[in-house]
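Survey of secondary and tertiary structure
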Amino acid sequence: MIPLAQPVLGEPEERAVVEVLRSGQLSLGPRVAEFERAFAARLGARHASAVSSGTAALHLGLRAVGVSEGDEVVTSPFSFVASANTILYEGARPAFADIDPVTLNLDPDAAAAAITGRTRALLPVHIFGYPADVPALERHGLPIVEDACEALGAVHADGTRVGGRGHPAAFGFYANKQLTTGEGGILTMGSAEHKERVDSERNQGRAPDMGWLDHDRLGFNYRLTDLACALGLAQLERLDGMLADRARVAGWYREALAGGELQLPCEDAGGDVRGWFVFVVQVPRDRDRVIGRLRERGVSSKPYLPAIHLMSFYRERFGHREGEFPVCEDVAARSLALPFFPAMTEGQVAQVAEALLTAL
Ligand SMILES: Cc1ncc(COP(=O)(O)O)c(C=O)c1O
């Protein structure tokens with residue numbers, strides 16, 4: 001079976017983790033700050049705080065810009081559920097706006113129309129690694145928290161790296177991501193005040209200059225271990241190679257699938273550069289039947305992503321119904337993630353493409 005994803009792990013990762021094991025300092029040690037500095041430098045961000053997941057990074061990012069009870073946060077319904085869930089963690093409401101049919105990111109005009117007097121922040125998602133139009137959203141002058149969990153390696157048209165514009169931006173390091181620490185995440189940001197707050201809140205609200213006994217605010221245990229940060233540092237060393245490998249695999253897919261009825265991931269346009277994460281196509285019809293056919297041929301695939309507003313929890317809680325965000329719903333009904341990972345061979349891509357075209 002060709003898997004959907006497969007991390008690149010080897011001797012450098014092994015060495016890095018063993019070194020931490022031998023040091024005896026498994027958490028709250030030196031690797032955390034080292035990883036943060038290296039990650040921030042790579043993106044051109046002033047600060048970074050390593051946390052236990054992309055979800056934790058989003059949550060602390062929303063708190064940092066002051067999202068709280070009764071607020072609204074304008075965001076995309078075409079995302080992994082965590083981007084909307086973290087808004088609910090703070091008692092705020094996700095105000096969904098429809099997506100652009102080409103980039104699949106928040107449509108700036110729809111986002112503008114969703115802004116009300118209660119809007120506290122905007123939460124664009126760089127879906128499938130393609131840069132969201134953050135420059136257009138910046139014109140509203142509202143705080144922005146970026147969900148960059150799928151977008152490591154992406155670059156905006158003006159040359160800034162996704163996560164390097166100064167807004168709190170969340171990255172995730174689950175095993176299918178461009179860089180993995182098993183589980184983990186990081187928040188990049190431009191504000192030293194935000195960094196101070198996030199560092200405290202990830203560690204139970206402990207102030208930096210206080211002993212264990214005093215905590216001056218509410219916090220969480222969102223810490224990332226030194227083991228994970230060491231793994232992250234080793235992965236960062238080989239990130240350029242892994243991103244190039246993903247881009248090469250995407251190129252093979254484009255060639256093998258061109259000219260048919262499939263809608264392929266949009267090409268980089270206007271200077272924006274995708275950080276390749278997944279290869280998602282939109283099939284014209286019968287997506288779920290296609291998944292079954294592919295499975296019979298030894299190819300993993302999955303519907304990716306379902307629309308958040310139509311998930312049962314969101315329907316029940318907010319009364320969402322079909323038809324509210326037609327572009328998102330159409331894309332969500334037809335999108336299919338194919339096997340995609342750096343070590344994928346041209347032969348495997350050809351096998352997937354042949355199975356998919358036959359299934360259609
Ligand atoms: C768009 C998006 N947002 C948020 C997350 C949450 O990241 P994590 O699973 O690390 O909490 C993910 C990861 O799957 C994601 O793809």
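I will try to describe carefully the structure that is included in this document. In this text the structure is predicted, and so the values were computed from the model without any measurement. In every chain, residue numbers begin from 1 and rise along the written sequence. Where local features are concerned, this predicted model is filtered to residues with pLDDT of at least 70; where side-chain atom pairs are given and counted, the filter is 80 or more; whole-chain, interface and lining totals use all residues. Side-chain calculation: all heavy atoms of the structure are included, whereas hydrogens and water are not.

Let us look at the site of the ligand. Being near a molecule or strand, for a residue, means having at least one of its heavy atoms within 4 Å of it. Close to the ligand lie Ser53, Gly54, Thr55, Ser79, Phe80, Ala82, Val125, Asp147, Cys149, Glu150, Lys177 and Gly184, which account for all nearby residues. Here a polar contact is recorded for every N or O atom pair within 3.5 Å, except that within protein the pair must consist of a potential hydrogen donor and a potential acceptor, and residues adjacent in sequence are included only if both atoms are side-chain atoms. In this structure, threonine 55 approaches the ligand through a side-chain N or O atom, which is 2.4 Å from an oxygen atom. Within the contact set of the ligand, an oxygen atom lies 2.7 Å away from a side-chain nitrogen or oxygen of glutamate 150. Basically, the charged four are Asp, Glu, Lys and Arg, the nonpolar ten are Ala, Val, Leu, Ile, Met, Phe, Trp, Tyr, Cys and Pro, and anything else, Gly included, counts as polar. Looking at the shell around the ligand residue by residue, the classes come out as four nonpolar, five polar and three charged.

Time to look at helix α13 (residues 346-359). Helix length check: α13, at 14 residues, gives a terminal C-alpha distance of 20 Å against a target of 20 Å (1.5 Å per residue), a fit within 8%. Summary of the burial criterion: residues with accessible area below 20% of their type's maximum are buried, those above 50% are exposed, and those between are partly exposed, where the area comes from a 1.4 Å probe applied to protein chains only. Helix numbers and strand numbers start at the N terminus; a helix is a DSSP run of H or I with at least 4 residues, a strand a run of E with at least 2. Considered for burial, the residues of α13 that qualify are Val349, Val352, Ala353, Ala355, Leu356 and Ala359. All buried residues of α13 fall inside an arc of 165° around its axis, so they share one side. By definition, residues are in contact when any of their heavy atoms lie within 4.5 Å. In this fold, the buried residues of α13 make contact with α9 (239-257), β8 (279-282), α10 (287-296) and β10 (335-338). Any helix carries an expected span of 1.5 Å times its number of residues minus one. The reported arc concerns the directions from the helix axis to the C-beta atoms and nothing else.

With that settled, consider helix α1 (residues 11-23). Counted at 1.5 Å a residue, the expected span for α1 with its 13 residues is 18 Å, and the 18 Å between its end C-alpha atoms agrees. Every buried residue of α1 is listed here: Glu13, Ala16 and Val20. Down the axis, α1 shows its buried residues gathered within 70° of arc, on one side only. Opposite the packed face of α1, turned more than 90 degrees from it, sit the exposed residues Glu14 and Arg22. Looking at the buried positions of α1, the neighbouring elements they touch are α2 (30-43) and α8 (226-237). Taken from the residues just after α1, glycine 24 is the one with a positive phi, measuring 80°.

Turning next to the side chain of arginine 246. Counting through the fold element by element, arginine 246 comes out in helix α9. Buried and without a salt bridge, arginine 246 has aspartate 245 as its closest oppositely charged side chain, separated by 8.6 Å. For arginine 246, the residues in contact, after removing those within four places along its chain, are Asn176, Lys177, Gln178, Trp276, Phe277, Phe340 and Pro342. Positive residues here are Lys and Arg, negative ones are Asp and Glu, while His and the chain termini are left out of the count. For salt bridges, the criterion is a side-chain nitrogen of Lys or Arg within 4 Å of an Asp or Glu carboxyl oxygen.

What follows concerns the state of the cysteines. Here, a disulfide means two cysteine sulfur atoms that sit within 2.5 Å of each other. Taken as a whole, this structure holds zero disulfides when the rule is applied. No disulfide involves cysteine 266; its sulfur sits 16 Å from the nearest other cysteine sulfur, which is in cysteine 328. Judged by its relative accessible area of 0%, cysteine 328 is buried.

Only strands joined by at least two bridges in the DSSP assignment are considered to pair. Strand order in this open sheet of three strands is β8-β10-β9, and the pairing throughout is antiparallel. The strands lining the two open edges of the sheet, one partner per strand, are β8 and β9 (302-303). Relative to β10, β9 is paired through two bridges, and the arrangement is antiparallel. Across the sheet, the residue bridging to lysine 302 is alanine 337, located in β10. What counts as an axis is a line fitted to C-alpha atoms, over the stretch in contact for a helix, and the angles between N-to-C directions run from 0 to 180 degrees. The sheet strands contacting α9 are β8 and β10, and the helix crosses β8 at an angle near 25°. Against the sheet, helix α12 (residues 326-334) contacts β8 and β10, and its axis sits at roughly 45° relative to β10.

The quantities given are spatial measurements derived from coordinates; they are silent on function.
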